[in-house]
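# A look at the structure
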Amino acid sequence: MPDRPPADVRIKALRRFALSITVFNVLGHVWLGFEQAYLTPVVGVLTAYLLEIVLETVDSSARGVRPRFAGPGTTLPDFLLPAHITGLACAMLLYGNSSLWPTIFAVTVSMCSKYIVRMRIGRGHRHVLNPSNLGISLTLVLFPWIAIAPPYQFTEYAFGPVDWIIPAAIFAAGTMLNGKLTRRGPLIVGWLGGFVLQAVLRWLLLGDSLASGLLVVTGVAFVLFTNYMITDPGTTPTAPSRQVAFGVTAALVYGALVAAHVTFGLFYALVITCALRGLLIAGSRLREPAGETAVVSPREAVPAEHGRPVAAGGGQA
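A short tour of the structure in this document, coming up. Just so you know, these numbers come straight off a predicted model, no measurement behind them. (Residues numbered from 1 in each chain as written. Predicted model: local features only at pLDDT ≥ 70, side-chain atom pairs only at ≥ 80, totals over all residues. Heavy atoms only, no water.)

Quick look at the nonpolar core now. Residues Phe-24, Ile-136 and Trp-191 are the most contacted members of the largest nonpolar core, which totals 68 residues. No other element matches helix 4 (residues 81–93), which puts eight residues into this core. (Core = buried A, V, L, I, M, F, W, Y, C linked by side-chain atoms within 4.5 Å. Buried < 20%, exposed > 50% of the residue type's maximum accessible area, 1.4 Å probe, protein only. Helix = DSSP H or I, 4+ residues; strand = E, 2+ residues; numbered from the N terminus.)

Moving on to the packing of helix 8 (residues 185–206) against helix 10 (residues 220–229). The interhelical angle for the contact between helix 8 and helix 10, taken along N-to-C directions, is 140°, at an axis separation of 10 Å. In terms of orientation, helix 8 and helix 10 fall into the oblique class. Between helix 8 and helix 10 lies a crossing whose hand is right-handed. Residues Ile-188, Trp-191, Leu-192 and Phe-195 of helix 8 form the contact with helix 10, whose participating residues are Phe-222, Phe-225, Thr-226 and Asn-227. (Axes fitted to C-alpha atoms, helices over the stretch in contact; angles between N-to-C directions. Parallel < 35°, antiparallel > 145°, perpendicular 65-115°, else oblique. Left-handed = near helix turned anticlockwise from the far one by under 90°. Contact = heavy atoms within 4.5 Å.)

Note on placement: Thr-103 falls in helix 5 (residues 101–116). Its relative accessible area of 4% is what places Thr-103 among the buried residues. Those residues in contact with Thr-103, other than ones at most four positions away along the chain, are Thr-40, Gly-44, Cys-90 and Ala-91.

So, on to the pattern of salt bridges. Per the stated rule, a full pass over the model turns up six salt bridges. Among the ionic pairs, Glu-52 bridges to Lys-114, the shortest N-O distance being 3.0 Å. Of this pair, Glu-52 sits in helix 2 (residues 39–63) while Lys-114 sits in helix 5, placing them 62 residues apart in sequence. A relative accessible area of 1% places Glu-52 in the buried class. (Salt bridge = Lys/Arg side-chain N within 4 Å of Asp/Glu carboxyl O.)

Covered by surrounding structure in strand 2 (residues 118–121) are Met-119 and Ile-121 only, the residues Arg-118 and Arg-120 on the alternate face being uncovered. One ladder, built from four bridges, connects strand 2 with strand 3 (residues 124–127); its direction is antiparallel. Following the sheet pairing, Arg-118 is matched in strand 3 by His-127. Counting the residues between successive antiparallel strands, the hairpin from strand 2 to strand 3 contains two residues, one of them, Gly-122, with a positive phi of roughly 65°. (Pairing = 2+ DSSP bridges.)

Backbone geometry places Asn-97, a non-glycine residue, at a positive phi of 60°. Considering the arrangement of structural elements, one finds Asn-97 in the loop between strand 1 (94–95) and helix 5. For His-261, which is not glycine, the phi torsion reads 65° and is therefore positive. For His-261, the location among the structural elements is in the loop between helix 11 (240–259) and helix 12 (265–287). With a relative accessible area of 73%, His-261 lands in the exposed category.

Attention now goes to a nonpolar patch on the surface. Taken together, the side chains of Leu-19, Val-23, Val-26, Leu-27, Val-30, Trp-31, Tyr-157 and Phe-159 present a nonpolar region at the surface, about 860 Å² in accessible area. Looking at where Leu-19 falls in the secondary structure, it is placed in helix 1 (residues 9–32). (Patch = residues over 30% accessible without salt bridge, like charges linked within 9 Å, V, L, I, M, F, W, Y side chains within 5 Å. Areas by Shrake-Rupley, 256 points an atom, 1.4 Å probe, with all protein chains shown as cover.)

Our focus in this paragraph is the environment of Asn-178. Examined against the element boundaries, Asn-178 turns out to sit in helix 7 (residues 162–182). Residue class for Asn-178 comes out buried when judged on its relative accessible area of 2%. Expressed as a C-alpha distance, the spacing of Asn-178 and Thr-231, which sit 53 residues apart in the sequence, is 7.6 Å. Excluding residues that lie within four positions of it along the chain, Asn-178 makes contacts with Arg-183, Arg-184, Gly-185, Ile-188, Asn-227 and Thr-231.

Further remarks concern the environment of Arg-242. With respect to the secondary-structure elements, Arg-242 resides in helix 11. The class for Arg-242 is partly exposed, based on a relative accessible area of 41%. Arg-242 sits 35 residues away from Arg-277 along the chain, and the two C-alpha atoms are 9.9 Å apart.

Topologically, Val-244 is positioned in helix 11. Looking at Val-244, the relative accessible area reads 32%, which means it is partly exposed. Sequence separation between Val-244 and Leu-187 is 57 residues, and the spatial gap between their C-alpha atoms is 4.7 Å. In contact with Val-244, other than residues within four places in its own chain, are Pro-186, Leu-187 and Gly-190.

Nothing here speaks to function; it is geometry throughout.
Here it is, written out as structure tokens:
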């Protein structure tokens, strides 16, 4: 009896992630108290779908290969999973009042960055900047009248024990997803440990309130960022030690931004950390002998799909 082919962990993680963020958006608009218009997530997702298909068509045509969305069965739906997640993430985390343009702009930046800002890693090219995070960050920088969604919207109409159940459920679901599928547990440990470290350092060196520095971790927004944004398998290292270093670096960059009175530090810190990782990868390539591609560990590059390697576990955000 032939062996059953191994399950595609990346697709499995993307499906669960897409389902989780879809359910959370529906509950958010129907019950929790999301402040954005009902049309915002719809526009975000449709914009992401359109751009993903157009950009992949152009890219595959230029490389002379078949588009990744062309295939039987669930090929097209699975191909659109990262776009689905990006569209909903930008729609959920940005607040542009009654305007839909901030979400459209953020999604456009996110999707284009996946095809424009690439580096050669392993046997192919991959994007190194977290797409959703980059789109949100650039929108915040270019349009000061746009803000991050108010943290209270995630539990605005929840009362009593439900106030605790919601973040606990998100944390539990995210922990299972990252522990079993994306394998980003060490990154979360490094991020949380570094976050405590930066709060202590600001308390000792700058006289900041330690309680205020740590209070951030109790919010739903922080839980979402920790489990679903910074752990993007497509733009973070695979080796456990490098994951810890990535998480600690992001936390320390965040602390430096807060000390400099920069708002929205979580998002900017992740952009800076991803950029620093890209520079390290570029530097390591310059030191390689010609013809070798030992940029990442063998586990970091899994068999290529249509000539492009994918990260083990995802690349969702």
